[in-house]
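Here is what each chain is made of, one letter per residue.
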Amino acid sequence: MPPPTTTVPPHELTLTRAVRALESGELTASALLAGCLERIDARESVVGAWEHLDQDAAMRHARLLDDGPRRGLLHGVPVGVKDIIDTADQPTGYGSPRHRGHRPAGDAWCVARLRASGAVLVGKTVTTEFAYFTPGRTANPHDPDHTPGGSSSGSAAAVADHMVPLALGTQTAASTIRPAAYCGTAGHVATPGTFPLTGIAGLSHTLDSLGLLTRTVEDLALARAALLGRARRSADAALPDVPHPVILICSGTDTATPGPAYGFHPTDPAMDRAMEDTRRALVAAGAEVRELVIDADLAELVRTHTTVMAYEAARALADEYDAGALPTTCTAHPAGAATDTYEAGPPTGVPGEQPLSAPLYQLVEDGHRVSRTDYLAALDHAAEQRRRLHALFESADAVLAPAAPGPAPAGLAATGSPVFSRPWQVLGLPTVTVPGHRDANGLPLGVQLIGRVSGDEHLLAVAHRMEHLLTPPTA
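These numbers come from a predicted model, not from an experiment. (Residues numbered from 1 in each chain as written. Predicted model: local features only at pLDDT ≥ 70, side-chain atom pairs only at ≥ 80, totals over all residues. Heavy atoms only, no water.)

A. Representation of the packing of helix α9 (residues 298–316) against helix α11 (residues 358–368) within the structure. Packing of α9 against α11 leaves a shortest axis separation of 7 Å and a crossing angle of 110 degrees. If you check the angle between α9 and α11, you find them roughly perpendicular. For the pair α9 and α11, contact is made by A310, Y311, A313, A314 and R315 and by L363, V364, D366, G367 and H368, respectively. Of the residues in the contact of α9 with α11, the class split is six nonpolar, two polar and two charged. (Axes fitted to C-alpha atoms, helices over the stretch in contact; angles between N-to-C directions. Helix = DSSP H or I, 4+ residues; strand = E, 2+ residues; numbered from the N terminus. Parallel < 35°, antiparallel > 145°, perpendicular 65-115°, else oblique. Contact = heavy atoms within 4.5 Å. Nonpolar A, V, L, I, M, F, W, Y, C, P; charged D, E, K, R; others polar.)

Given below as structure tokens:
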């Protein structure tokens, strides 16, 4: 059993525990917010999770909620919103110098839903530029010399550091799943079409998704229900139990064997151990774990994702490309990683203009080189592989795979590789980062579960069961 809420500092409460305390009257919205703001004041200079904060407005809203009737499932819950998501009362700069201070005309759909559910918007969290690779100032709260991942850097770091119990992110490649893994939080990307994307800056209309970041999988289900306006009215509505799930494991090579693992990309030995420990825990708890046998080339799906993303980003960012300066330098990582982990050097370009960063400019240039024929072929390839995978889920509950190649890399100039999310994102499958593992240095290691199309709630139930096998009870 978790400890009584009164023994836990308000900012350390998970979303579910906070909602429960607010529902019972054990905690007020203003007291919960005050605890979160105190934490932000103490840690923001180290973590750098926030692009914009409006503490006074948030407290006024919390006190109004305390004095009025319950608004909804998230009544009084402080939240952070990624800075590519429009907010009517706070600036939205999209991580771009050209748009710093921009004031949208209205709220994005997801922000409007949070407000309707009674949530308190604390501020906007740091994002990479247009949710691509050029990072902001956010550091990993577990070790500020390491990246928090991206592009939902600030949202993942704010949740992991107990600044807020819930934050919104987005994902086009791995922008929710990877930072959740690096920061030790739960993360969820739903089946495409689940959440309207109105009011979110687009990079790829095929791949863009809303992302949810919380500290537990149980919290993800609660946030999802609030956004979708489901009949759930209480934090006590538990996820269904899946006592004996069938898990297909995406296995790697033996850690002593050099060369690629997981069929298409090398992994850190710490991730290999985390995957093996997860497998053993599942088997010991009665799950059936089988090898993933797939009639698809995951490396080819990575390339398919890259093709679709580049083609669509070149069109989505056409105005930015035309208006911005043209960078003259672009430094990439060694061969094979250039499309995953660009390091952004100082931007250069036409004097007087705010240029696109070198990586983003290169993405648009790459997209201009993709022919319409190749783009349509990539979409067809993804659709065919999706049909083949559908049959696997008729006899299995989820696929288990790494959420990232390993722990968060050192340095803040890049956000890590998205390679382990690219195949599932282009296939349009729901995914969940399940926290619980750490490496020898204490850095988090997240694994991910992948589910069938539109099987999001069942996937969350399986992930919830697996989370309890990997982590002790949380406040």
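Anyway, onward from the coordinates.
B. Region of interest: the pattern of salt bridges. Per the counting criterion, the structure on display carries 18 salt bridges. Among the salt bridges present, the one from R137 reaches E51, with a minimum N-O distance of 3.9 Å. Highlighted residues: R137 in the loop between β3 (120–125) and α5 (153–160) and E51 in strand β1 (residues 50–53), separated in sequence by 86 residues. Taking relative accessible area as the criterion, R137 reaches 48% and is therefore assigned partly exposed. We note a salt bridge from R290 to E288, for which the minimum N-O separation is 2.9 Å. Relative accessible area serves as the criterion here: at 30%, R290 is assigned to the partly exposed category. A cluster of three or more residues bridged by salt bridges with shared partners is formed by R39, R43 and D161. (Salt bridge = Lys/Arg side-chain N within 4 Å of Asp/Glu carboxyl O. Buried < 20%, exposed > 50% of the residue type's maximum accessible area, 1.4 Å probe, protein only.)

C. Main features of unusual backbone geometry. Residue S151 is bonded to the preceding G150 through a cis peptide linkage, with omega at 10 degrees. Its identity is not glycine, yet S454 carries a phi of approximately 65 degrees, on the positive side. Within the secondary structure layout, S454 lies in the loop between β11 (444–450) and α14 (456–470). The class for S454 is exposed, based on a relative accessible area of 61%.

D. View of helix α12 (residues 372–392). Between the first and last C-alpha of α12 there are 31 Å, a value that for 21 residues agrees with the 30 Å anticipated at 1.5 Å per step. Taken residue by residue, α12 has Y375, A378, A382, A383, Q385 and L389 as its buried positions. Where α12 is buried, its residues meet α9 and α13 (422–427). (Expected span 1.5 Å × (residues − 1).)

E. Structural context of the nonpolar core. Counting residues in each nonpolar core, the largest one holds 105 residues, and the members touching the most others are L74, I85, C110, L114, L400, W424 and L449. Ranked by size, the runner-up nonpolar core spans 24 residues in total, among them W50, L65, V164 and A167. (Core = buried A, V, L, I, M, F, W, Y, C linked by side-chain atoms within 4.5 Å.)

F. Focus on the pairing of strand β9 (residues 398–402). Within β9, five of the five residues are buried, leaving the element largely enclosed by the surrounding structure. Alignment of strand β7 (residues 246–249) against β9, held across three bridges, turns out to be parallel. What sits directly across from I247, in β9, is A398. Pairing of β9 with β11, which is carried by four bridges, proceeds in the antiparallel orientation. Paired with L400 across the two strands is L449, which belongs to β11. (Pairing = 2+ DSSP bridges.)

From the geometry alone we can't say anything about function, so treat these as descriptive.
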